[in-house]
Amino acid sequence: MTIFISIAAYRDPELLPTIADCIARARWPEQLRFGICWQHGPEDTPPPALASRRMRVMAVPWAQSQGACWARAQCMSLYAGEDWFLQLDSHHRFAQDWDAILIDQAERSGAARPLLTAYAPAYDPLQPLPGHALPTVMRFDRFTPEGIALCQFGPVAERPDGAPIRARFLSAHLLFAPGRFVADVPYDPDLYFIGEEITLAIRAFTHGYDLFHPGRHVAWHEYTRRHRTKHWDDHRAERGVPTPWHERDAASLEKVRRFLVAPETGRFGCGVARSFADYEAYAGLSFRRRHASRAARRGDEPAAPVSAAAAREWTVRLSLGRAELPDAALKHPLFWYVGFHDAQGNEIARDDAGRAEMQALLAAPHDRIRIERRFASTRPPARWTIWPVDRRGRWLDRIDGPIDLSGTQQLIEVTR
C-alpha cells in the first residue's frame, strides 16, 4: 500500500527533521513517496536528502511562491497514482507505526471514501517530544467577518476499541484519504490561507467523502511559528514582490465568502454526491445565518451523514427554441451556465456549455437547441437553468423551468 505524502514547505528548517521522523517511525517506510513544494531562500542549497528517488521535489524561489494553497496544488501535481494520499505541513513528528494506524483507521471506518483528519497535538522543536498524546477532535470556534468558519481542537479519551470518530470539520495539516482524492478534490491554487479548511471540508463531503478523526494518536504538529519565516513576512511591497500577500489574501477571502453563500459545483466547487445543505445539516452550521449548533461548538460526534451511495444518476435532455435565447447568447457567447436545482433552490449540479459545445450547438441546422447532461445527486432535480454570458462577461437573460418527475424514468426529457 503506497502512500503519497504531500508537503508544502516555505523556508522551514523543520522540513528535513519532519521527513526523517516520518520515515523512521513508519512501519512500511519503503512504501512512502513524497511530493514536496520546496519554497526556498537564495541562501538555501538543495538538501541531499531531497535527492532520494522517493522524493519528487518542485523547487520554487520564495519570491515566486503564491501562498499555501498554491503550494499544496503544486504538490498534488506530483502525485503518481499511489494508493493513499497524506497531506502534512512541514513541521511534524510522528507516533510509531503512524502509517499502519492511518490505514487501519480508514479500513475500520467502513466508509467507501474515508477521510481521516485532525489538528494534531503540539510539540516544540526545542524540547523533548512528549511521550504520549491523546487523539483530538475539532469543534467550531467562530465566524470571521467574511463568514468563514474557524475551528479549534481538544483531546478526547481513546475509545476502548480505538475506532475512528466521525468529524464535522477538516484540518489541512493532517489529511489522509484514498489516492483518488487528488482527482476528486483538487486544491484551489487561488486560495491563500484563511478559508482553506472549511471549503475543503465542504468539497470533500459533497464529493462523497466521510470525515473522521483518528481514534488513536498519529502525529504532533508545531503551532508557534517561532522557528520559521512565514509567507506574509516576505511578500510585502517593500521587498519587490509583484503581488503583496494582503492582495492575495483579500481576493482569496472574497472567493471563499462567495462560495459559502452561493456555492457552485465544478472543479474547485462542490461535488454532487451530497449537497451543500447536506453538509450544513451534518456539521451543524448555517453560513447564511452565521450560526453554529451547540453540538458543533462542543465538538460532539455527529450522526452518520446522508450516504453517498444513495446518489442517483440523472440524465436530463433540454430542448428550447433559438428564439428564446438573447441575441448575444447566439452571436457573441463566452459560455452558457447550465445548472440544476432541487425543490429548495439549492444547486445540485452545474456543467456549463463551453466554446466547443456552443459552436456545435449553434452550427446545427435546426431551430432548436438541445443540451443533455448526466449527473449524480441524492436530491432529485426540480428545476433547470440556462444562463448565457456574453464575450464581455455580462450575464444575459436567464432561462429556466421546472422538471417533471412524475414518471420513474432515469432519462428526463424537457421541451420548452
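The following paragraphs examine the structure supplied in this document. Only a predicted model underlies this, so the values are computations on that prediction, with no experimental measurement involved.

1. Some points on unusual backbone geometry
- Residue Arg11 is not a glycine yet carries a positive backbone phi of 45°.
- Of note in the backbone geometry, Asp97 takes a positive phi value of approximately 65° without being a glycine.
- The topology assignment puts Asp97 in the loop between strand S5 (92–94) and helix H3 (98–109).

2. Brief notes about the side chain of Asp99
- In this fold, Asp99 is placed in helix H3.
- No salt bridge is formed by the buried Asp99; its nearest oppositely charged neighbour, Arg27, is found at 5.7 Å.
- Setting aside its immediate chain neighbours within four residues, Asp99 contacts Ile3, Ala26, Arg27 and Trp28.

3. Regarding the pairing of strand S10 (residues 174–178)
- Counting buried positions over the five residues of S10 gives five, a clear majority of the element.
- Of the pairings in the sheet, the one linking strand S4 (residues 84–88) to S10 comprises five bridges and is antiparallel in character. From the neighbouring strand, Leu86 faces S10, where its bridge partner is Phe176.

4. Some words on H3
- Taking 1.5 Å of rise per residue, twelve residues should cover 16 Å, and H3 covers 17 Å from first to last C-alpha, within 8% of that figure.
- Among the twelve residues that make up H3, nine are buried, leaving the element largely enclosed by the rest of the structure.
- Three or more residues of H3 are buried, namely Trp98, Asp99, Ala100, Ile101, Leu102, Ile103, Gln105, Ala106 and Ser109.
- Backbone geometry just downstream of H3 places Gly110 in the positive-phi region, at approximately 75°.

5. Some words on the packing of helix H5 (residues 196–206) against helix H8 (residues 276–283)
- Packing of H5 against H8 brings their axes to within 9 Å, and their N-to-C directions diverge by 110°. Relative to H8, the element H5 is oriented roughly perpendicular. Taken as a pair, H5 and H8 cross one another with a handedness that is right-handed. Within the contact between the two elements, H5 uses Ile198, Ala201, Ile202, Phe205 and Thr206 and H8 uses Phe276, Asp278, Tyr279 and Tyr282.
- By residue class, the composition of the contact of H5 with H8 is seven nonpolar, one polar and one charged.

Rules used throughout
Residues numbered from 1 in each chain as written. Predicted model: local features only at pLDDT ≥ 70, side-chain atom pairs only at ≥ 80, totals over all residues. Heavy atoms only, no water. Helix = DSSP H or I, 4+ residues; strand = E, 2+ residues; numbered from the N terminus. Buried < 20%, exposed > 50% of the residue type's maximum accessible area, 1.4 Å probe, protein only. Lys, Arg positive; Asp, Glu negative; His and termini not counted. Salt bridge = Lys/Arg side-chain N within 4 Å of Asp/Glu carboxyl O. Contact = heavy atoms within 4.5 Å. Pairing = 2+ DSSP bridges. Expected span 1.5 Å × (residues − 1). Axes fitted to C-alpha atoms, helices over the stretch in contact; angles between N-to-C directions. Parallel < 35°, antiparallel > 145°, perpendicular 65-115°, else oblique. Left-handed = near helix turned anticlockwise from the far one by under 90°. Nonpolar A, V, L, I, M, F, W, Y, C, P; charged D, E, K, R; others polar.

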